[in-house]
Amino acid sequence: MMAEAEVEVEAAPTEEQQEQQQLSPSSSGPEYTQPAARTEPTEERAAEGGAARFQQHDAFPEETSLDEFRLKKFFVLRPGTLNQAIKDVEALVDKEVDGSIHSIWLMAEVDHWNNEKERLVLITDNSLLVCKYDFVMFSCEQLQRIPLNFVDRISHGTFSFPKRSILRREGEGLRVFWDRLREPSFISRWNPFATDFPFITFTYHPVRNISDSFAALCDIQNFREKLKDAAQKVHVMKPVPGKANGVLVLNQPIHIEAYVGLMSFLGNQNKLGYSFARGNIGF
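Attention here is on the structure that accompanies the text. (Residues numbered from 1 in each chain as written. Predicted model: local features only at pLDDT ≥ 70, side-chain atom pairs only at ≥ 80, totals over all residues. Heavy atoms only, no water.)

Okay, the overall build of the protein chain next. Across its full length, the protein chain carries 10 helices and 9 strands. Residue burial in the protein chain is summarised as follows: out of 283 residues, 39% are buried. For the protein chain, long-range pairs separated by at least 24 residues make up 65% of all intrachain contacts whose partners lie at least 6 apart in sequence. Surface accessibility of the protein chain: about 17700 Å² in total, with carbon and sulfur atoms responsible for 53%. (Helix = DSSP H or I, 4+ residues; strand = E, 2+ residues; numbered from the N terminus. Buried < 20%, exposed > 50% of the residue type's maximum accessible area, 1.4 Å probe, protein only. Contact = heavy atoms within 4.5 Å. Areas by Shrake-Rupley, 256 points an atom, 1.4 Å probe, with all protein chains shown as cover.)

Structural data, given as structure tokens:
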């Protein structure tokens, strides 16, 4: 009888043991595990850092959190978008004409009417390539090729406008000239769609502060140094007859001869020159 009693005690589990048996997964049933963390490139993980911090809070405790949330509307920050864009643009490089690629940059072009336009910029052995890329449809809509041996001047500094202009622009810019003897015509200056200017103007892309990788990708000062060195080499190897060899770098205001600019004000405020999420309206 004592032996049978001991067997019955061992066979009857306690309430604590029953709870543990219910919580522990069965070998024949499904196992509930945490999903594996998705591995992504370092640049994409850094770009999503602002969104991860934003999801941890129900409200916006600081202005920087709201700014990061707004920056996430740029399609260039979507995972894999920038890498695909770089591959597409690299495929457009003509090895015989342009040579090898030195560096790739993410910039904002500022036209003569103060309109901002998102651009991918490549410095190669022989050319400066400016690509208008659609980060929504993953396509290059326009490619401007500027021979480096024609680049004769690079100016950098703050932006300036005429005295009677109501426009203002914060920050610094960079302007690349390739024909110092040719001035834009009167018709071109007043034509918002003119593209025959002998220079191009860049400024910082709005997403430059989202991560260290994007800060390096949008660094205008480093871009200026790389462009100057590449142009100097091409001037020595392929001089242009009748042009002074060398690149002149000037620290001076970037002048934009625009006065009212209502369309540029509305366009820049709503980021019409960027691949940008716009709610139900779309890009």
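Having put the structure on the table, let's press on.
Now for the side chain of aspartate 98. By the secondary structure assignment, aspartate 98 is in the loop between helix H6 (81–90) and strand S1 (101–110). Here the side chain of aspartate 98 touches serine 127 through a polar contact of 2.7 Å, side chain to side chain. Apart from residues no more than four positions distant in its own chain, aspartate 98 is found in contact with Val93, Thr124, Asp125, Asn126, Ser127, Leu129 and Arg145. (Polar contact = N/O pair within 3.5 Å; in protein donor to acceptor, adjacent residues only side chain to side chain.)

Here the focus is the pairing of strand S5 (residues 153–160). S5 sits mainly inside the fold: 6 of its 8 residues count as buried. Bridge count between S5 and strand S6 (residues 172–177): 6 bridges; the pairing is antiparallel. In the strand pairing of S6, arginine 153 is matched with phenylalanine 177. Taken together, the 4 bridges between S5 and strand S8 (residues 248–251) define a ladder with parallel strand orientation. Across the sheet, isoleucine 154 pairs through a bridge with valine 249, a residue of S8. (Pairing = 2+ DSSP bridges.)

Before going further, it helps to spend a moment on the layout of surface pockets. Rolling a probe over the atoms, with the probe sized like a water molecule, indicates the empty space that remains. In this structure, the largest pocket occupies an estimated 920 Å³ of space. What lines the largest pocket is a set of 36 residues, and nearest its centre among them are Glu109, Asp111, Asn115, Lys117 and Arg119. Of the residues contributing to the lining of the largest pocket, the split by class is 16 nonpolar, 11 polar and 9 charged. Glu116, Arg169, Glu170, Asn268 and Gln269 are, among the 18 residues lining the second largest pocket, the residues nearest its centre. The class makeup of the residues in the lining of the second largest pocket is 6 nonpolar, 6 polar and 6 charged. (1 Å grid on protein atoms, 1.4 Å probe; cavity = no way out; pocket = protein on both sides within 12 Å on 5 of 7 lines; lining within 4 Å. Points joined across faces, edges and corners; volume = space filled by probe spheres on them. Nonpolar A, V, L, I, M, F, W, Y, C, P; charged D, E, K, R; others polar.)

Time to look at the nonpolar core. Grouped together as the largest cluster of nonpolar side chains are 26 residues, with contacts concentrated most on Leu106, Leu120 and Phe135. The element contributing the most residues to this core is H6, with 4 residues. Not counting residues within four places of it along the chain, the set of residues in contact with leucine 106 comprises Val76, Arg119, Leu120, Phe135, His205, Val207, Phe214, Leu217 and Cys218. Grouped together as the second largest cluster of nonpolar side chains are 22 residues, Val130, Ile200, Ala230 and Val247 included. (Core = buried A, V, L, I, M, F, W, Y, C linked by side-chain atoms within 4.5 Å.)

On to the pattern of salt bridges. Note that side chains of opposite charge can pair when their charged atoms are close. Counted under the stated rule, the structure contains 7 salt bridges. When the shortest N-O distance is used, the salt bridge between lysine 117 and aspartate 111 registers 3.5 Å. A salt bridge links glutamate 225 to arginine 224, with the nearest nitrogen and oxygen atoms 3.6 Å apart. A residue is classified by how much of its surface remains accessible, and glutamate 225, at 34% relative accessible area, is partly exposed. Residues joined in a network through salt bridges with shared partners are Arg224, Glu225 and Lys228. (Salt bridge = Lys/Arg side-chain N within 4 Å of Asp/Glu carboxyl O.)

Take the environment of serine 100 next. Locating serine 100 in the fold gives a position in the loop between H6 and S1. A sequence separation of 27 residues divides serine 100 from serine 127, and the C-alpha atoms of the two residues are 9.6 Å apart. Apart from the residues lying within four places of it in its own chain, the contact partners of serine 100 are Lys95, Thr124 and Asp125.

Glancing now at the packing of aromatic side chains. All told, the structure shown has 7 aromatic pairs when counted by the stated rule. Measuring from centroid to centroid gives 5.6 Å for tryptophan 105 and phenylalanine 223, while their planes differ by 70°, and the two rings are edge-to-face. One end of the pair, tryptophan 105, is in strand S1; the other, phenylalanine 223, is in helix H9 (residues 220–237), with 118 residues separating them in the sequence. We classify tryptophan 105 as buried; its relative accessible area is 4%. The class for phenylalanine 223 is buried, based on a relative accessible area of 0%. Residues phenylalanine 202 and phenylalanine 223 carry aromatic rings whose centres are separated by 5.8 Å and whose planes lie at 80° to one another, so their mutual orientation is edge-to-face. Taken together, the residues phenylalanine 202 in strand S7 (residues 199–203) and phenylalanine 223 in helix H9 connect sequence positions 21 residues apart. No difference in accessibility class separates phenylalanine 202 from phenylalanine 223, as the two residues are buried. By the ring-pair criterion, three or more aromatic residues cluster together here, those being Phe74, Tyr274 and Phe276. The positively charged end of arginine 153 is found above the aromatic ring belonging to phenylalanine 177, 3.8 Å away from the centroid. (Phe/Tyr/Trp six-rings, centres within 6.5 Å; stacked < 30°, edge-to-face > 60°. Lys NZ or Arg CZ within 6 Å of the ring centre and 35° of its normal.)

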